[in-house]
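Structural features, examined
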Amino acid sequence: ATTSSESKQSFCEKQTRMEVNRIFSAEQIEVHPELPGMLKEYTKAVIRENPKDLLAFSAEYFRKKADIPGEPVPGSQESNNKPEGSS
């Protein structure tokens, strides 16, 4: 169990790290060159599909984009469209 002083110390350490990384102007922000296009394509997919569960849809969308094998994410439209009896 953590004591109150340990908890305060941990909070202070986190606060100090956040202040070191504080952003004061747009010039300090470095955006990965692929991010704008990736977000645009993702946004189009969300608008096109209009998913009921945005988080599950997003997880499945990026799982497929990253070519990560496996079953569809539960709650995503992909998992809802699986034929009966398939696993």
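Provided above is the structure to which this section pertains.
Starting from 1, residues in each chain are numbered consecutively following that chain's sequence as written. Owing to the predicted nature of the model, reporting of local features is limited to residues with pLDDT of at least 70; listing and counting of side-chain atom pairs is limited to 80 or more, with chain, interface and lining totals taken over all residues. Side-chain figures throughout are based on the complete set of non-hydrogen atoms in the structure, without hydrogens or water.

**Re a nonpolar patch on the surface**
Residues qualify for a patch when their relative accessible area is over 30% and they have no salt bridge, like charges being joined within 9 Å and the nonpolar side chains of Val, Leu, Ile, Met, Phe, Trp and Tyr within 5 Å. Values of accessible area rely on a 1.4 Å probe in the Shrake-Rupley scheme; residue burial ignores everything except the protein chains shown. Only one rule defines a salt bridge in this text: a Lys or Arg side-chain nitrogen within 4 Å of an Asp or Glu carboxyl oxygen. A cluster of nonpolar side chains, Ile23, Ile29, Val31, Leu35 and Leu39, forms an exposed patch at the surface whose accessible area comes to about 430 Å². Elements are defined by DSSP. Helices are runs of H or I of four residues or more, strands are runs of E of two residues or more, and each kind is numbered from the N terminus. Structurally, the position occupied by Val31 is in the loop between helix H1 (4-20) and helix H2 (35-49).

**Some thoughts on the packing of aromatic side chains**
Between the rings of Phe, Tyr and Trp (Trp by its six-membered ring), a pair exists once the centres lie within 6.5 Å; its type follows the angle of the planes, with under 30 degrees stacked, over 60 edge-to-face, and the other angles tilted. The tally for this structure, following the rule as stated, stands at four aromatic pairs. Members of the aromatic cluster, each reached through a chain of ring pairs, are Tyr42, Phe57, Tyr61 and Phe62.

**Examining the side chain of Arg63**
Tracing the backbone shows Arg63 in helix H3 (residues 54-65). A distance of 3.4 Å separates a polar atom in the side chain of Arg63 from the backbone oxygen of Gly70. Whether two residues are in contact is decided by their heavy atoms, any of which lying within 4.5 Å being enough. For Arg63, the residues in contact, after removing those within four places along its chain, are Ile68, Pro69, Gly70, Glu71 and Pro72. N or O atoms closer than or at 3.5 Å make up a polar contact, with two conditions inside protein: a donor-capable atom paired with an acceptor-capable one, and, for residues adjacent in sequence, both atoms drawn from side chains.

**What to know about the pattern of salt bridges**
Applying the stated criterion to the full structure yields two salt bridges. A salt bridge links Glu41 to Lys44; the shortest N-O distance between them is 3.7 Å. Linking Glu41 with Lys44, this pair stays in helix H2, spanning three residues, or about one helical turn. Remark: exposure states derive from per-residue accessible area (1.4 Å probe, protein chains only) relative to the maximum for the residue type, with buried under 20%, exposed over 50%, and partly exposed in between. Looking at Glu41, the relative accessible area reads 39%, which means it is partly exposed. By relative accessible area, Lys44 is classed as partly exposed at 39%.

**Here's the deal with the nonpolar core**
The nonpolar side chains of soluble globular proteins are, as a tendency, buried together. We call a set of buried residues a nonpolar core when its members are Ala, Val, Leu, Ile, Met, Phe, Trp, Tyr or Cys and they connect through side-chain atoms within 4.5 Å of each other. Membership of the largest hydrophobic core is limited to five residues, which are Tyr42, Ala45, Val46, Phe57 and Tyr61. Elements with a contribution of two residues or more to this core: H2 and H3. Sorting elements by how many residues they give to this core places H2 first, with three residues. Non-local contacts of Phe57, meaning those with residues more than four positions away in its chain, are made with Ala45, Val46, Glu49, Pro51, Ser76 and Gln77.

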